[in-house]
Amino acid sequence: MEMERNIVSALGGPKILGKHIRGVTDLINLVEKGLPWSAAFHLKESFGITDREYARMLGVSERTLTRHKAQLQKRLGLVESDRLYRMARIFALTQEVLEDDRRAMAWLRRSQIGLGGRTPLDMMRTEVGAREVEDLLGRIEHSVYS
């Protein structure tokens, strides 16, 4: 449940998501309904990345991202909501493993030998890449050479 709490926090918490999340079933329902754009922008602020980088990660055009800055209560589609959830999940896991928000953000932006020299932010664009990031974080957490 701690991980779900961290994911919800990364997406802006009840203030943005509109209700108290009691577990993974509530998260699944939110993703299927479509997460609000305000949650996407909340996570973008946490990442501290450009609109261009973030649009690429979400799989939308930069123009779409800009348009939705004025329509924060509109909802992302299922695919974009799923990507946003994946990014929040990786962000929460990184914070948990590295135990410091600034270190987590720095790690996500830095190329990693264990990811073939790519950055975790770049890798989390796909589920396959996200799994590799999670695997690397697991090795770091358990002090396994990467």
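Residues numbered from 1 in each chain as written. Predicted model: local features only at pLDDT ≥ 70, side-chain atom pairs only at ≥ 80, totals over all residues. Heavy atoms only, no water.

Here helix H10 (residues 127-141) is 15 residues long and its end C-alpha atoms lie 21 Å apart, about the 21 Å a rise of 1.5 Å per residue gives. The set of residues buried in H10 consists of Gly129, Ala130, Val133, Glu134, Leu136 and Leu137. One side of H10 holds all its buried residues, which, seen down the axis, span an arc of 160°. Along its buried surface, H10 packs onto helix H7 (78-98), helix H8 (101-109) and helix H9 (120-123). (Helix = DSSP H or I, 4+ residues; strand = E, 2+ residues; numbered from the N terminus. Expected span 1.5 Å × (residues − 1). Buried < 20%, exposed > 50% of the residue type's maximum accessible area, 1.4 Å probe, protein only. Arc of directions from axis to C-beta. Contact = heavy atoms within 4.5 Å.)

Moving on, we come to the side chain of Gln95. Tracing the sequence through the fold places Gln95 in helix H7. Side chain to side chain, Gln95 and Asp101 meet in a polar contact 2.9 Å long. (Polar contact = N/O pair within 3.5 Å; in protein donor to acceptor, adjacent residues only side chain to side chain.)

Right, let's get into the packing of aromatic side chains. Scanning all chains against the criterion turns up three aromatic pairs. Ring geometry for Trp37 versus Phe41: centroids 6.0 Å apart, planes at 35°, classification tilted. Placement of the pair is Trp37 and Phe41 together in helix H4 (residues 37-47), with a separation of four residues, close to one helical turn. Between Phe47 and Phe91, the ring centres sit 5.4 Å apart and the planes meet at 85°, which makes this aromatic pair edge-to-face. Remark: Phe91 occurs in helix H7 and Phe47 occurs in helix H4; sequence separation between them is 44 residues. Each member of the pair, Phe47 as well as Phe91, carries the same accessibility label: buried. Aromatic rings pair up to connect Phe47, Tyr54 and Phe91 into one cluster. (Phe/Tyr/Trp six-rings, centres within 6.5 Å; stacked < 30°, edge-to-face > 60°.)

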